[in-house]
Amino acid sequence: MPKQQRAPKWYPTEGPATGLTKTIEKKPQGVAKLRKSITPGTVLILLAGRFKGKRVVFLKQLESGLLLVTGPFKINGVPLRRVNQAYVIATSTKVDIAGIDTTGISDKPDEKTKRHFFSRVVAEQKEEGEGEFVSTEAKKSGLTEERKAMQVKVDESVIAAVEKTPMMKDYLKSRFSLEKGQFPHLMKF
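From a predicted model like this one, the values you see are computed outputs, not experimental measurements.

Undergrad: Got a minute to help me understand the sheet that holds strand β5 (residues 88-94) in this structure?
TA: In sheet architecture, strand pairing relies on hydrogen bonds along the backbone and comes in two forms, parallel and antiparallel. Overall, antiparallel pairing links the five strands, which are arranged β4-β3-β2-β1-β5 in an open sheet. Lying at the two open borders of the sheet, with one neighbouring strand each, are β4 (81-83) and β5. Averaged over all adjacent pairs, the angle separating strand axes in this sheet is 45°, with direction ignored. As judged from the four bridges shared by strand β2 (residues 55-61) and strand β3 (residues 67-70), these two strands associate in the antiparallel manner. Bridge pairing in β3 places Gln61 opposite Leu67.

Okay, structure coming up:
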């Protein structure tokens, strides 16, 4: 007598999906619209990330829609950074940054190198063998020389603008924080 076949323990709830494999072309998303309260020279408060609570100066909106901000680095340690405008609070304080040149700063990749201003340099890995015994200087990972030079250039002009306003340097150095019973949605910045 032949063996009987057992019934499977699991049955699919529906048959195989048919006609659902169409490729849907996504429309390219445009650049985020800049808030009315954010204009070049506005002092912003960062809400997230490594520098949360720091006050920074807004320089311009980049091609990707992100905001270009700086501390300046010598005042409060915040370098040139890209920040999403959802993670900032705009204050009513302004710094006159009319003469600042930010033309070399972009987050659009270069055609030749496929890198942009904010790309990091990746350290070269040593090959096994003689590299262990011979001390050769390899490229360190971190910031590019172009980025360091631009930081110094931008900071000089921002610091000059900040020093024209009394108490602005101390204002940018101070951190933003909330105490018990303070509600940011009820505050006027």
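Having seen the model, we can carry on.
Undergrad: Looking at this model, I keep getting lost on the pattern of salt bridges. Mind explaining?
TA: Close approach of charged atoms allows side chains with opposite charge to pair. Evaluated as defined, the whole model comprises four salt bridges. The closest approach of N and O atoms between Lys148 and Glu145, which form a salt bridge, is 3.8 Å. Note that Lys148 and Glu145 are positioned in helix α2 (residues 145-164) at a spacing of three residues, about one turn of the helix. Under the relative-accessibility criterion, Lys148 is labelled partly exposed at 41%.

Undergrad: I would appreciate a short explanation of the environment of Arg115 in the present structure.
TA: If you trace the backbone, Arg115 turns up in the loop between β5 and α2. The contacts of Arg115, once residues within four sequence positions are left out, are Lys108, Pro109, Asp110, Arg120, Val121 and Thr144.

Undergrad: For this particular structure, what's the right way to read the nonpolar core?
TA: General note: in soluble globular proteins, nonpolar side chains tend to be found buried as a group. Counting residues in each nonpolar core, the largest one holds 21 residues, and the members touching the most others are Leu59, Leu80, Val95, Ile105 and Val154. Elements supplying a minimum of two residues to this core: β2, α2 and α3 (168-173). Non-local contacts of Leu59, meaning those with residues more than four positions away in its chain, are made with Pro40, Leu68, Thr70, Leu80, Ile97, Ile100, Thr102, Val154 and Val158. Core analysis: the second largest hydrophobic core is formed by twelve residues, Ile38, Phe51, Val78 and Val83 among them.

Undergrad: Looking at this structure, I do not really get the side chain of Thr91. What am I missing?
TA: Counting through the fold element by element, Thr91 comes out in strand β5. A distance of 2.5 Å separates the side chain of Thr91 from the backbone oxygen of Val43, its partner in a polar contact. For Thr91, the side chain forms a polar contact with the main-chain nitrogen of Thr93, separated by 3.4 Å. Leaving out residues up to four positions away in the same chain, Thr91 has contacts with Thr42, Val43, Ile45, Tyr171 and Phe189.

What counts and what doesn't
Residues numbered from 1 in each chain as written. Predicted model: local features only at pLDDT ≥ 70, side-chain atom pairs only at ≥ 80, totals over all residues. Heavy atoms only, no water. Pairing = 2+ DSSP bridges. Helix = DSSP H or I, 4+ residues; strand = E, 2+ residues; numbered from the N terminus. Axes fitted to C-alpha atoms, helices over the stretch in contact; angles between N-to-C directions. Salt bridge = Lys/Arg side-chain N within 4 Å of Asp/Glu carboxyl O. Buried < 20%, exposed > 50% of the residue type's maximum accessible area, 1.4 Å probe, protein only. Contact = heavy atoms within 4.5 Å. Core = buried A, V, L, I, M, F, W, Y, C linked by side-chain atoms within 4.5 Å. Polar contact = N/O pair within 3.5 Å; in protein donor to acceptor, adjacent residues only side chain to side chain.

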